[in-house]
Amino acid sequence: MTHEELMKAAENAMQLAYAPYSNFKVGAALLCGDGTVFTGCNVENASYGVTNCAERTALFKAVSEGHTDFVAIAIVGGPDGVSAGPCYPCGTCRQALAEFVKPDFEVCLKDDAGTVFVCKFNELLPNSFNLHN
Ligand code: THU
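Here goes a summary of the coordinates provided. A quick note: this is a predicted structure, and the numbers were derived from the prediction, not measured. (Residues numbered from 1 in each chain as written. Predicted model: local features only at pLDDT ≥ 70, side-chain atom pairs only at ≥ 80, totals over all residues. Heavy atoms only, no water.)

Observations concerning the overall build of the chain
For step 1, the next point in the chain: Helix and strand counts for the chain come out as 4 helices and 5 strands.
For step 2, the next point in the chain: For the chain, the N- to C-terminal ordering of α and β elements is α-β-β-α-β-α-β-β-α.
For step 3, the next point in the chain: Rg of the C-alpha trace for the chain: 14 Å, near the compact-globule value of 14 Å for 133 residues, within the 12% margin.
For step 4, the next point in the chain: A principal-axis box enclosing the C-alpha atoms of the chain has dimensions of 40 × 35 × 25 Å.
For step 5, the next point in the chain: Buried positions account for 44% of the 133 residues belonging to the chain.
For step 6, the next point in the chain: Expressed as a percentage of contacts within the chain between residues at least 6 apart in sequence, the contacts between residues at least 24 apart total 61%. (Helix = DSSP H or I, 4+ residues; strand = E, 2+ residues; numbered from the N terminus. Rg over C-alpha atoms; globule rule 2.2 N^0.38 Å. Buried < 20%, exposed > 50% of the residue type's maximum accessible area, 1.4 Å probe, protein only. Contact = heavy atoms within 4.5 Å.)

Focus: the side chain of R94
For step 1, the next point in the chain: Within the secondary structure layout, R94 lies in helix α3 (residues 91-98).
For step 2, the next point in the chain: Buried and unpaired, R94 has E55 as its nearest opposite-charge partner, separated by 7.6 Å.
For step 3, the next point in the chain: Leaving out residues up to four positions away in the same chain, R94 has contacts with Y88, P89, F121, L124 and L125. (Lys, Arg positive; Asp, Glu negative; His and termini not counted. Salt bridge = Lys/Arg side-chain N within 4 Å of Asp/Glu carboxyl O.)

Comments concerning the packing of aromatic side chains
Two aromatic rings, taken as a pair, are described by how far apart their centres are and by the angle between their planes.
For step 1, the next point in the chain: Within the structure shown, the criterion is met by 3 aromatic pairs.
For step 2, the next point in the chain: Ring centres 6.2 Å apart and planes at 80° place the aromatic pair F70 and F100 in the edge-to-face group. Of this pair, F70 sits in strand β3 (residues 70-79) while F100 sits in the loop between α3 and β4 (106-110); the two residues are 30 residues apart in sequence, bridging distant segments of the chain.
For step 3, the next point in the chain: Among the residues examined, F100 registers a relative accessible area of 28% and is labelled partly exposed. (Phe/Tyr/Trp six-rings, centres within 6.5 Å; stacked < 30°, edge-to-face > 60°.)

A word on the pattern of salt bridges
For step 1, the next point in the chain: Across all of its chains, the model carries 2 salt bridges by this definition.
For step 2, the next point in the chain: With its nearest N and O atoms 2.4 Å apart, the salt bridge here joins E11 to K110. Of the two residues, E11 sits in helix α1 (residues 3-14) while K110 sits in strand β4, which places them 99 residues apart along the sequence.
For step 3, the next point in the chain: Residue classification places E11 among the buried positions, given a relative accessible area of 18%.
For step 4, the next point in the chain: As a salt-bridge pair, E106 and K120 come within 3.9 Å of each other at their nearest N and O atoms. Linking E106 in strand β4 with K120 in strand β5 (residues 116-120), this pair joins segments that are 14 residues apart in sequence.
For step 5, the next point in the chain: Among the residues examined, E106 registers a relative accessible area of 22% and is labelled partly exposed.
For step 6, the next point in the chain: When its relative accessible area of 34% is taken as the criterion, K120 is described as partly exposed.

Concerning the site of the ligand
For step 1, the next point in the chain: By nearness alone, every residue bordering the ligand is listed as S22, F24, V26, N42, E44, T51, C53, A54, E55, Y88, P89 and C90.
For step 2, the next point in the chain: Contact distances for the ligand include 2.5 Å between an oxygen atom and a side-chain N or O atom of E44.
For step 3, the next point in the chain: The contact in question runs from an oxygen atom of the ligand to an N or O atom on the backbone of C90, over 3.0 Å.
For step 4, the next point in the chain: In isolation the ligand offers 380 Å² of accessible surface; the protein chains occlude 77% of this area.
For step 5, the next point in the chain: Those elements giving two or more residues to the shell around the ligand turn out to be β1 (24-32) and α2 (54-64).
For step 6, the next point in the chain: Class assignment for the residues of the shell around the ligand results in 7 nonpolar, 3 polar and 2 charged. (Near = heavy atom within 4 Å. Polar contact = N/O pair within 3.5 Å; in protein donor to acceptor, adjacent residues only side chain to side chain. Areas by Shrake-Rupley, 256 points an atom, 1.4 Å probe, with all protein chains shown as cover. Nonpolar A, V, L, I, M, F, W, Y, C, P; charged D, E, K, R; others polar.)

The structure is reproduced here in structure tokens:
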């Protein structure tokens, strides 16, 4: 699967975002080592802090179905579901992912022009606290 195909899955997931409070819609697509893709969207709540981000929705779907080997995630988001630059994962989602991914895990994002670019997990959360160190 190409980075662009994974991003397309994230864009489809973004359409399902439940974001009536922020109107900021996010979609994520998490690629497993065996090729399986789990998607997720943000799910907001009237009690704002209960909100779950798109990345953790995808991650928790995957882990809860027995998948813990991940190679890449695509993330896209923006006001009303229109991407206007990279939607980097929040700190909580970075820490949630750190439990399972290696430093070279790929994070696929969209730049200001809508082109997919890739960064390594280690760039986003170096020296992470996890099971392996
Ligand atoms: N959000 C995500 O889904 N992922 C992130 O990494 C950042 C923020 C969501 C949470 C909330 O529903 C909305 O974006 C605005 O913060």
